[in-house]
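Coordinate inspection notes
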Amino acid sequence: MIGFGLLYFVLSSQGWSILQDDLLRRDSVLDRMAHSIYFSGVTLMTVGYGDITPIGIGRVIALSEALIGYILPAAFFVQFIQGKR
């Protein structure tokens, strides 16, 4: 989650449009970092709240992160079950 949040933050700092309304470019550095980690956490752990929308390359990154968020719990569950045998 933190890694993807940093990725969103760094890319937006380099001028890439990641989120709608340029949310990661108009606030202070701390606010932008908080928005990046918040968006990353919501993307990883849920299907999103809808208050922040990725655009451009942000969509691909968010999709990859969401896929990891769906696969990771299943992988832990499979490992847990296989360890019980």
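Residues numbered from 1 in each chain as written. Predicted model: local features only at pLDDT ≥ 70, side-chain atom pairs only at ≥ 80, totals over all residues. Heavy atoms only, no water.

Observations concerning the overall build of the protein chain
Of the regular secondary structure elements, the protein chain holds 3 helices and 0 strands. Overall, the protein chain is about 55 × 20 × 20 Å in size when its C-alpha atoms are taken along their principal axes. Relative to its full complement of 85 residues, the protein chain shows a buried share of 28%. Taking the intrachain contacts of the protein chain between residues at least 6 apart in sequence as the baseline, contacts between residues at least 24 apart amount to 55%. Total accessible area on the protein chain is roughly 5700 Å²; 67% of this is exposed by carbon and sulfur atoms. (Helix = DSSP H or I, 4+ residues; strand = E, 2+ residues; numbered from the N terminus. Buried < 20%, exposed > 50% of the residue type's maximum accessible area, 1.4 Å probe, protein only. Contact = heavy atoms within 4.5 Å. Areas by Shrake-Rupley, 256 points an atom, 1.4 Å probe, with all protein chains shown as cover.)

Focus on the side chain of Arg32
For Arg32, the position within the fold is in helix α2 (residues 29–45). No salt bridge is formed by the buried Arg32; its nearest oppositely charged neighbour, Asp27, is found at 7.8 Å. Excluding anything up to four places from it in sequence, Arg32 contacts Phe9, Ser13, Leu23, Leu24, Arg25, Arg26 and Asp27. (Lys, Arg positive; Asp, Glu negative; His and termini not counted. Salt bridge = Lys/Arg side-chain N within 4 Å of Asp/Glu carboxyl O.)

Describing α2
For α2, built from 17 residues, the straight-helix expectation of 24 Å at 1.5 Å per residue is met to within 8% by its first-to-last C-alpha distance of 24 Å. The complete set of buried residues in α2 reads Arg32, Ser36, Phe39, Ser40, Gly41, Val42 and Thr43. Those residues of α2 hidden inside the fold are in contact with α1 (2–13) and α3 (57–84). (Expected span 1.5 Å × (residues − 1).)

Observations regarding the layout of surface pockets
Picture a little ball the size of a water molecule; that probe, rolled over the atoms, points out where space is still empty. The calculated volume of the largest pocket comes to roughly 190 Å³. If you list the elements that add at least two residues to the lining of the largest pocket, you get α2 and α3. The element contributing the most residues to the lining of the largest pocket is α2, with 4 residues. (1 Å grid on protein atoms, 1.4 Å probe; cavity = no way out; pocket = protein on both sides within 12 Å on 5 of 7 lines; lining within 4 Å. Points joined across faces, edges and corners; volume = space filled by probe spheres on them.)

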